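One-letter residues, chain by chain:
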Amino acid sequence: MAPFEHIRLTRDGAIARLTLNRPARLNALIRPMQAELSAALDLLEAEPPQVLILTGEGRGFCAGQDLTERYPQIAAGEAVHLGASLTQTYNPLIRRLNALPCVIIAAVNGVAAGAGIGLALTADIILAAREARFLMAFGKVGLGPDAGVSWALPERIGSRRALALALTGGGIDAQTALDWGLVWALHDAGELAAATQELALVLVAGSAQAQRAAKQLLREKAPSLEAALARESACQDALGHTDFYRDAVLAFAAPKPAR
Ligand code: T3D
């Protein structure tokens, strides 16, 4: 679709695939790669697919910030301004991925560390290879969680587990991620891409409008039951006017010829 160096963006009908493509560095993030991700988001926002697959090339998903990018400054004894890196680069990427109206599937093919976990957590559904790991690498380098991890990880696995991982800088293997509800399903590495495509095809056979509504209702928690009921009514009111709903009811409930 677009000629990038550090990522690939391809599109097949209603399914788009965004692949992090620095396999020799386990897809660690550098500035030009972040700029390409931003350009990819421009394209995805202009013409949203129904499903976006987010994955990594090679044996890693994403090892977070490329630490060699920070090295020259630190080695020279200069101050680094990580707050600026977040507000100018990471935060907009995470915000924009989260705001995409499409269903995002992360196919976590290998290690996801630091901000790499943040990218995976922008997905609505996470599939993982059995060899995948989720490492809170921030702690190991003396940083706190960023890239939305402090918000999204406790949501998925609970605040106690998320805090213990953040404090220790530790990680969990794919099976634990599955057991803790972070991951929807595990697959053998060689079968992850096909399983992801299969799930994407199931999704594109469904109603894009209903998926958008479900995503909105479930991801942006209503402040009270009353507010949730009101939002559900408004959503259902709109969805009840779609062709998808009409056709589904007609197909299911039309009187059948007597047997
Ligand atoms: O700076 C800011 O803007 C603030 C934002 C911070 C967000 C963050 O993400 S902080 C966390 C940064 N990430 C890390 O600290 C992870 C560092 N990497 C590792 O701990 C390990 O590489 C892994 C546990 C992820 C994987 O280990 P392993 O044994 O499977 O692979 P490896 O041999 O360590 O890595 C393979 C290559 O990728 C290797 O290069 P080489 O020796 O073959 O030339 C390694 O140096 C490179 N690599 C892996 N992660 C990074 C990296 N290079 C640069 N930066 C990395 N983050």
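Heads up: the structure comes first, above all this text.
What counts, and where the lines are drawn
Each chain has its residues counted from 1, running along the sequence as written. Reporting of local features is limited, given that this is a predicted model, to residues whose pLDDT is at least 70; pairs of side-chain atoms are given and counted only at 80 or more, and all residues count toward the totals for whole chains, interfaces and linings. Note that water and hydrogens are dropped before the side-chain values are worked out from all heavy atoms of the structure. Only runs of H or I of at least four residues qualify as helices and only runs of E of at least two qualify as strands under DSSP, and these elements are numbered from the N terminus. Here, expected helix span is obtained from the residue count minus one, scaled by 1.5 Å. In this scheme, a residue with accessible area under 20% of its type's maximum is buried, one over 50% is exposed, and one in between is partly exposed, where area comes from a 1.4 Å probe on protein chains only. When we speak of the arc, we mean the arc of directions from the helix axis to the C-beta atoms. By definition, residues are in contact when any of their heavy atoms lie within 4.5 Å. Whether a residue is near a molecule or strand depends on its heavy atoms: it is near if one of them lies within 4 Å of it. Under the rule applied, a polar contact is a pair of N or O atoms within 3.5 Å (in protein, one hydrogen donor and one hydrogen acceptor; residues adjacent in sequence only if both atoms are side-chain atoms). The method behind every accessible area is Shrake-Rupley, applied with a 1.4 Å probe, and residues are considered shielded solely by the protein chains displayed. Cavities and pockets were defined on a 1 Å grid built from protein atoms only: a cavity is a group of points that admits a 1.4 Å probe but offers it no way out, a pocket is an open group of points flanked by protein on both sides within 12 Å along at least five of seven lines, and a lining residue is one with an atom within 4 Å of any such point. A molecule is said to be in a cavity or pocket once over half of its atoms fall within 2 Å of that pocket's grid points. Residues are grouped as follows: Ala, Val, Leu, Ile, Met, Phe, Trp, Tyr, Cys and Pro are nonpolar; Asp, Glu, Lys and Arg are charged; all remaining types, including Gly, are polar. Grid points are joined across faces, edges and corners, and a volume is the space filled by probe spheres set on the points. Every case where a carboxyl oxygen of Asp or Glu lies within 4 Å of a side-chain nitrogen of Lys or Arg is listed as a salt bridge. Following DSSP output, two strands are said to pair if at least two bridges run between them. Lines fitted to C-alpha atoms define the axes, with helix axes restricted to the stretch in contact, and inter-axis angles between N-to-C directions lie between 0 and 180 degrees.

Student: Before we move on, can you summarise helix 1 (residues 31–46) with the specific residues and values?
Tutor: Counted at 1.5 Å a residue, the expected span for helix 1 with its 16 residues is 22 Å, and the 23 Å between its end C-alpha atoms agrees. For helix 1, the full list of buried residues reads Met33, Gln34, Glu36, Leu37, Ala40, Leu41 and Leu44. The buried residues of helix 1 occupy one face: seen down the axis, they fall within an arc of 155°. Lining the buried residues of helix 1 we find strand 1 (7–12), strand 2 (15–20), strand 3 (51–56) and helix 3 (82–99).

Student: Describe the site of the ligand, naming the residues involved and giving the relevant values.
Tutor: Among the 22 residues in the neighbourhood of the ligand, the closest are listed as Gln65, Leu67, Arg70, Ser85 and Ala115. In this structure, Gln65 approaches the ligand through a main-chain N or O atom, which is 2.9 Å from a nitrogen atom. At a separation of 2.5 Å, an oxygen atom of the ligand approaches a polar side-chain atom of Ser85. In the complex, 69% of the free accessible area of the ligand, which totals 1,000 Å², lies under the protein chains. The cavity that encloses the ligand is the largest pocket. Tallied by class, residues from the shell around the ligand come to twelve nonpolar, four polar and six charged.

Student: For the layout of surface pockets, give the residues involved together with the corresponding values.
Tutor: Taking a probe equal in size to a water molecule and rolling it over the atoms shows the remaining empty space. The volume enclosed by the largest pocket comes to roughly 580 Å³. Lining the largest pocket are 27 residues, and of these Gly64, Gln65, Leu67, Val141 and Leu143 sit closest to its centre. Elements represented by at least two residues in the lining of the largest pocket include exactly helix 3 and strand 6 (111–113). Element by element, the count of residues in the lining of the largest pocket is highest for helix 3, at four residues. By residue class, the composition of the lining of the largest pocket is 17 nonpolar, six polar and four charged.

Student: For unusual backbone geometry, give the residues involved together with the corresponding values.
Tutor: Here Leu26, not a glycine, exhibits a phi torsion of approximately 50°, which is positive. Within the secondary structure, Leu26 sits in the loop between strand 2 and helix 1. Despite not being glycine, Asn27 shows a phi value in the positive range, around 60°. By secondary structure assignment, the location of Asn27 is in the loop between strand 2 and helix 1. On the accessibility criterion, Asn27 (0% relative accessible area) is buried.

Student: Just give me the short version of the pattern of salt bridges, but keep the residues and values in it.
Tutor: According to the stated counting rule, one finds ten salt bridges in the structure shown. Ionic pairing is found between Lys215 and Asp124, a salt bridge with its closest N-O pair at 2.9 Å. Note that Lys215 is positioned in helix 9 (residues 208–219) and Asp124 in the loop between helix 4 (115–120) and strand 7 (125–129), a separation of 91 residues in sequence. Taking the relative accessible area as the measure of exposure, Lys215 reaches 11% and is therefore buried. Under the relative-accessibility criterion, Asp124 is labelled partly exposed at 25%. In this structure, Arg246 and Asp243 form a salt bridge, with 3.5 Å as the shortest nitrogen-oxygen distance. Taken as a pair, Arg246 and Asp243 lie in helix 11 (residues 243–253) at a separation of three residues, close to a single helical turn. Since its relative accessible area comes to 48%, Asp243 is described here as partly exposed. Counted as one network, the salt bridges with shared partners bring together Asp42, Glu45 and Arg96.

Student: Please set out the side chain of His6 residue by residue, giving values where relevant.
Tutor: Here His6 shows up in the segment before strand 1. In this structure, His6 is in contact with Thr19, Leu20, Asn21, Arg22, Ile30, Pro32, Met33 and Glu36, ignoring residues within four places of it in sequence.

Student: Got a sec to walk through the sheet that holds strand 7? Specific residues and values, please.
Tutor: Ordered by their spatial adjacency, six strands build an open sheet running 1-2-3-5-7-10, and the pairing between neighbours is mixed. The open sheet is flanked by strand 1 and strand 10 (185–187), the only strands paired with a single partner. Neighbour-to-neighbour, the strand axes of this sheet turn through a mean angle of 20°, independent of strand direction. Taken together, the four bridges between strand 5 (residues 103–108) and strand 7 define a ladder with parallel strand orientation. Bridging across to strand 7, Ile105 finds its partner in Ile125. Together, strand 2, strand 3, strand 5, strand 7 and strand 10 form the strand contacts of helix 8 (residues 189–204), whose direction differs from that of strand 7 by roughly 160°.

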